[in-house]
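Read off the chains here:
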Amino acid sequence: MSGKRNIQIIYKEIPQGFPEASKTFEIRKGTIVLENVVLKSDEVLVRTLYASVDPYMLSQMRDPAIKFYFGALIPGDVMEGGTIYEVIKSNNPNFVTGDVVVGYSKWEEYSVISVNFSDERQFKIPNAKNSPVPLSYFLGVLGMPGLTAYVGLHKICEPLTPGQTLFVSSASGAVGQVVGQYAKTLGLRVVGSAGDDEKVEYLIKELGFDAAFNYKKHEDFNTILKQTCPDGIDIYFENVGGKMLDAVIQNCNSFARIPLCGMTSQYNRLSDQEPIYNLVTAIVKRLRLEGFIVFDESARYGADFTTTFTKLMKEGKIKYKETITNGIECLPDALVGLFEGKNFGKGLVKIADL
């Protein structure tokens with residue numbers, strides 16, 4: 001029996017700062033004989049179709065001694081993250097050959113995984129071969145990033161009052177672009193920040209943001225926020241942390257809500273994080289700052305999210321930008337590119353056709 005190629009992306013060492021493709025990762029070539037794979041109870045053999053690259057992955061590559069809400073990868077491990085995979089062989093009563101699943105698995109072309117169907121990160125794509133939307137959307141606007149936007153706004157930011165101002169950082173990213181568009185459908189005034197002029201133009205001209213700015217052109221975030229949010233900020237959807245959060249707090253209205261979704265400026269310095277200097281202002285203004293992990297809320301919000309966003313996409317009220325590269329060997333560069341600002345929208349690597 002001939003073996004199938006099975007390339008793996010190995011995590012080599014803890015990065016000092018941001019990861020480097022050749023230094024942090026190894027592309028390991030191997031083979032697998034599918035017919036010889038013996039599955040234990042609840043295991044499935046899968047073929048990876050898409051892999052997602054996300055900011056949180058930097059915090060996976062930390063010193064294991066640093067506590068976080070999920071475990072650290074160990075050098076020598078196969079890298080892992082959000083994926084879409086096809087079930088090739090199953091010894092799990094919840095899955096049959098041919099199922100296409102959004103899940104969490106290793107960066108390799110073929111994997112044996114134990115799937116707990118109660119895991120909120122795993123769900124089947126119904127009728128995947130005839131899906132009316134690209135399969136990649138299930139790792140984006142109809143998956144974890146879209147659900148993150150929905151949960152953050154409804155769990156923490158209500159009442160979502162028409163006419164109030166929402167500011168979202170990393171606004172052209174996987175989550176930010178959805179936050180802004182969904183908020184517009186609810187009648188809010190939406191302002192975003194991004195890292196280059198092309199992305200800023202896209203936010204305004206294509207997605208309908210009321211204002212946006214290139215944060216790299218403004219050393220004084222306080223001033224640009226006063227210009228773009230003249231009536232103050234009622235909701236800040238936080239994706240970056242650091243100096244931006246400090247400046248936002250100064251520009252918040254009383255009783256503003258700040259869902260703490262991510263802090264990409266801090267993921268490479270978890271043991272030496274930038275301080276926030278304006279927290280006394282949070283008391284004076286009675287601000288609500290609350291962190292959340294999207295998978296804690298999937299059972300509560302998942303069904304409403306799917307119904308709402310499917311409808312909005314059919315109506316053309318939510319668009320979704322992706323950067324998709326082809327081939328599993330591209331994964332290290334794709335992840336590094338995310339932190340260098342090269343991705344536009346949701347970053348993905350397509351590994352195989354369905």
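All values derive from a computational prediction rather than experimental measurement.

Run through the pattern of salt bridges, naming residues and quoting values.
Enumeration according to the criterion identifies 18 salt bridges in this entry. Two residues, Lys311 and Glu315, come together in a salt bridge whose shortest N-O distance is 2.6 Å. The exposure class of Glu315 is partly exposed, given its relative accessible area of 38%. Among the charged side chains, a network of salt bridges with common partners joins Lys155, Arg288, Glu290 and Glu297.

With reference to specific residues and values, describe the environment of Gly176.
In this fold, Gly176 is placed in helix 4 (residues 176–185). Each C-alpha atom, one on Gly176 and one on Pro145, is 8.6 Å from the other, the two residues being 31 residues apart in sequence.

Which residues make up the pairing of strand 12 (residues 211–214), and what values go with them?
Neither face of strand 12 is exposed, since Ala211 and Phe213 on one face and Ala212 and Asn214 on the opposite face are all buried. Pairing of strand 11 (residues 189–194) with strand 12, which is carried by four bridges, proceeds in the parallel orientation. Within the sheet, the bridge partner assigned to Val191 lies in strand 12 and is Ala211. The parallel pair strand 11 and strand 12 is bridged by helix 5 (residues 197–205), and the resulting crossover is right-handed.

Would you mind going over the packing of aromatic side chains in detail, with residue names and values included?
One pass over the structure, following the stated rule, counts 16 aromatic pairs. Judged by centre distance (5.1 Å) and plane angle (35°), the ring pair of Phe68 and Tyr69 falls under tilted. Of the residues examined, Phe68 reaches a relative accessible area of 31% and is grouped as partly exposed. One aromatic cluster is present, formed by Tyr150, Tyr182, Tyr301, Phe305 and Phe309 through successive ring pairs. One cation-aromatic arrangement involves Lys124 over Phe95; the distance from NZ or CZ to the ring centre is 5.3 Å. Sitting over the face of the ring of Tyr202, Lys321 holds its NZ or CZ atom 5.4 Å from the ring centroid.

How would you explain the nonpolar core if you had to name every residue and give the values?
Counting residues in each nonpolar core, the largest one holds 53 residues, and the members touching the most others are Ile84, Ile125, Val141, Leu153, Leu166, Val179 and Phe309. Not counting residues up to four positions away in its chain, the partners in contact with Phe309 are Val141, Leu142, Gly146, Tyr150, Val178, Tyr182 and Ile318. By size, the runner-up hydrophobic cluster in this structure holds 24 residues, among which are Ile9, Leu58, Phe339 and Ile351.

So what about the side chain of Thr228? Which residues, and what values?
Position of Thr228 relative to the elements: it lies in helix 6 (residues 221–228). Since its relative accessible area comes to 9%, Thr228 is described here as buried. A distance of 2.8 Å separates the side chain of Thr228 from the backbone oxygen of Ile224, its partner in a polar contact. Sequence-distant contacts of Thr228, that is, excluding residues within four places in its chain, are made with Arg189, Val191, Ala211 and Phe213.

Outline helix 5, listing residues and values.
Taken residue by residue, helix 5 has Lys199, Val200, Tyr202 and Leu203 as its buried positions. Burial along helix 5 is one-sided: seen end-on, the buried residues are contained in an arc of 160°. Those residues of helix 5 that are exposed and angled more than 90 degrees off the buried face are Glu198 and Lys205. Those residues of helix 5 that are buried are in contact with strand 11 and strand 12. Put simply, Asp196 is the residue that caps the front of helix 5, since its side-chain oxygen is 3.0 Å from the backbone nitrogen of Glu198.

I'd like a rundown of the side chain of Ser193, residues and numbers included.
If you trace the backbone, Ser193 turns up in strand 11. By relative accessible area, Ser193 is classed as buried at 1%.

Mind laying out unusual backbone geometry, listing which residues take part and the relevant values?
A negative phi holds for most residues other than glycine; trans holds for most peptide bonds. Along the chain, Glu158 connects to Pro159 via a cis peptide bond; the corresponding omega equals 5°. By the element assignment, Pro159 lies in the loop between helix 3 (144–156) and strand 10 (165–168). The phi angle at Asn127 is positive, at roughly 50°, despite the residue not being glycine. Along the chain, Asn127 falls in the loop between strand 9 (123–124) and helix 3. Even without being glycine, Ser170 reaches a positive phi, approximately 50°. Examined against the element boundaries, Ser170 turns out to sit in the loop between strand 10 and helix 4.

I'd like a rundown of the pairing of strand 14 (residues 252–260), residues and numbers included.
Consecutive residues of a regular strand have side chains that alternate between opposite faces of the sheet. Pairing geometry for strand 13 (residues 233–237) and strand 14, over two bridges, is parallel. Across the sheet, Ile235 pairs through a bridge with Arg257, a residue of strand 14. The handedness of the strand 13 to strand 14 crossover, carried by helix 7 (residues 243–251), is right-handed. Bridging between strand 14 and strand 15 (residues 288–291) involves four bridges; their strand directions are parallel. When the sheet's bridge partners are listed, Arg257 is paired in strand 15 with Arg288.

About the thresholds
- Residues numbered from 1 in each chain as written.
- Predicted model: local features only at pLDDT ≥ 70, side-chain atom pairs only at ≥ 80, totals over all residues.
- Heavy atoms only, no water.
- Salt bridge = Lys/Arg side-chain N within 4 Å of Asp/Glu carboxyl O.
- Buried < 20%, exposed > 50% of the residue type's maximum accessible area, 1.4 Å probe, protein only.
- Helix = DSSP H or I, 4+ residues; strand = E, 2+ residues; numbered from the N terminus.
- Pairing = 2+ DSSP bridges.
- Right-handed = clockwise from strand over helix to strand, strands pointing away.
- Phe/Tyr/Trp six-rings, centres within 6.5 Å; stacked < 30°, edge-to-face > 60°.
- Lys NZ or Arg CZ within 6 Å of the ring centre and 35° of its normal.
- Core = buried A, V, L, I, M, F, W, Y, C linked by side-chain atoms within 4.5 Å.
- Contact = heavy atoms within 4.5 Å.
- Polar contact = N/O pair within 3.5 Å; in protein donor to acceptor, adjacent residues only side chain to side chain.
- Arc of directions from axis to C-beta.

Just geometry here; none of it tells us what the structure is for.
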